[in-house]
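Structural overview
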Amino acid sequence: MSAPPAEGLVEQWESEQARLRQQVVEEDTEDWQRSPDFSGLERVGGVDLSFIKGDDVNACAQLVVLSYPDLEVMYEDSQMVTLMAPYIAGFLAFRETPFLLDALKRLEGNQPELLPQVVFVDGNGLFHYREFGLACHLGVLSGLPCVGVAKNLLQVQGVYKGEEHQSQIAALQKGGDSFPLTAASGKVLGKALRSSDKSSKPVYASVGHKISVDTAVRLTHSCCRYRVPEPIRQTSDPKAE
DNA sequence: GCGACAG
DNA sequence: ATCTTGTCGC
């Protein structure tokens, strides 16, 4: 039983996305991003919201900061929150962003020296219906470089989960292999990445903010011990050390 | 009616 | 997102 969305809400959200979309920076802006081994990168963050079975209103907002390249936990923040917005495909950011931003603000206020230099977001960035997914939204509002990593393919802008897609996946032989997710317009919205040798199912990485697609993919691979990048996995997997 | 639908 | 254990395979 889900109440129908308020009148005009989607329209309002669409215009908000269109406005913020103009502020996304799709190129590398940091020195470490140009380095072959990301020298200069010392802290990578991950954010996520976790729910429990029968409750889609209360959730746990988490932010972790890991050292790079060791991927050891440097900081961890968990906060129970009450969600105000409904989940509507394409508008995930309106549901989650406020709480992820709060977590970043808390860190900035308490230990600004631990602020991550890049944030991994559980969801898409430019690979989105209007090229403005959660990772872009959080990136623009926080001003931090962000990378979107989704675990499932969103069929959008001419990208289909068909036979061709399946064969492209089959062609990913080892960790680090990838292929572009190209829109009907010809623009590369993101890449499917085999994140580790062991996982045959790829993850879908796209630009959030202040990073290029290629750097986003290369960085994502370098932060993967398993299929899901460690910064995100540390927030959502109870068994993660 | 059927498939899609980030989290 | 979450519901869910074991099981088969390398």
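Everything below is about the structure shown above.
No experiment lies behind these values; they were computed from the predicted model shown.

Reading the values: rules and limits
- Residues numbered from 1 in each chain as written.
- Chains lettered and ligands numbered in written order.
- Predicted model: local features only at pLDDT ≥ 70, side-chain atom pairs only at ≥ 80, totals over all residues.
- Heavy atoms only, no water.
- Near = heavy atom within 4 Å.
- Polar contact = N/O pair within 3.5 Å; in protein donor to acceptor, adjacent residues only side chain to side chain.
- Nonpolar A, V, L, I, M, F, W, Y, C, P; charged D, E, K, R; others polar.
- Helix = DSSP H or I, 4+ residues; strand = E, 2+ residues; numbered from the N terminus.
- Expected span 1.5 Å × (residues − 1).
- Buried < 20%, exposed > 50% of the residue type's maximum accessible area, 1.4 Å probe, protein only.
- Arc of directions from axis to C-beta.
- Contact = heavy atoms within 4.5 Å.
- Disulfide = S-S within 2.5 Å.
- Salt bridge = Lys/Arg side-chain N within 4 Å of Asp/Glu carboxyl O.

1. Details of the protein's contact with DNA strand C
Within the structure, DNA strand C sits among Phe51, Ile52, Lys53 and Lys151. Taking all atoms of DNA strand C within 4 Å of the protein, the share assigned to sugar and phosphate is 100%. The side chain of Lys151 places a nitrogen or oxygen atom 3.5 Å from a phosphate oxygen of DNA strand C. Within the surface near DNA strand C, the residues separate by chemical class into two nonpolar, no polar and two charged.

2. A short note on unusual backbone geometry
For the peptide bond that leads from Tyr68 to Pro69, omega is 10 degrees, which places it in the cis range. Tracing the sequence through the fold places Pro69 in the loop between β2 (55-67) and β3 (73-82). Here Phe38, not a glycine, exhibits a phi torsion of approximately 55 degrees, which is positive. Assignment of secondary structure puts Phe38 in the loop between α2 (31-34) and β1 (43-52). Of note in the backbone geometry, Lys210 takes a positive phi value of approximately 55 degrees without being a glycine. Note that Lys210 resides in the loop between β8 (203-209) and α6 (213-222).

3. Quick notes on the protein's contact with DNA strand B
Taken together, 17 residues surround DNA strand B, and among them Tyr87, Gly90, Asn124, Asn152 and Gln155 come closest. Sugar and phosphate atoms represent 53% of those atoms of DNA strand B found within 4 Å of the protein. Measuring from a phosphate oxygen of DNA strand B, one finds a side-chain N or O atom of Tyr87 at 2.7 Å. Here Asn124 contributes a backbone N or O atom positioned 3.0 Å from a base nitrogen of DNA strand B. Residues of the surface near DNA strand B, tallied by class, amount to seven nonpolar, seven polar and three charged.

4. Overview of helix α1 (residues 9-21)
Between its first and last C-alpha, α1 extends 18 Å over 13 residues, near the 18 Å set by a 1.5 Å rise per residue. The set of residues buried in α1 consists of Leu9, Trp13, Gln17, Leu20 and Arg21. Down the axis of α1, the buried side of the element spans an arc of 105 degrees, and every buried residue falls inside it. Looking at α1, the residues exposed on the side facing more than 90 degrees away from the buried face are Glu11 and Gln12.

5. Structural notes on the side chain of His137
By secondary structure assignment, the location of His137 is in helix α4 (residues 134-142). With residues near it in sequence (within four places) discarded, His137 still touches Leu20, Ala93, Phe94, Thr97 and Phe132.

6. A few points about the state of the cysteines
Enumeration according to the criterion identifies zero disulfides in this entry. In this model Cys60 remains outside any disulfide bridge; the closest cysteine sulfur is found in Cys146, 19 Å from its own. In this structure Cys60 comes out as buried when scored by relative accessible area, which is 19%. Free of any disulfide, Cys223 has its nearest neighbouring cysteine sulfur in Cys224, separated by 7.2 Å.

7. Section: the pattern of salt bridges
Scanning the entire structure with this criterion turns up 11 salt bridges. The shortest N-O distance in the salt bridge between Glu26 and Arg21 comes to 3.1 Å. Classification of Glu26 by relative accessible area gives partly exposed; the value is 24%. Residue classification places Arg21 among the buried residues on the basis of a relative accessible area of 17%. In this structure, Asp214 and Lys191 form a salt bridge, with 2.8 Å as the shortest nitrogen-oxygen distance. Separated by 23 residues along the polypeptide, Asp214 in helix α6 and Lys191 in strand β7 (residues 188-193) bring together distant segments of the chain. With a relative accessible area of 18%, Lys191 lands in the buried category. Through salt bridges with shared partners, a single ionic network connects Arg21, Glu26, Glu131 and Lys187.

That is the geometry; function is a separate question.
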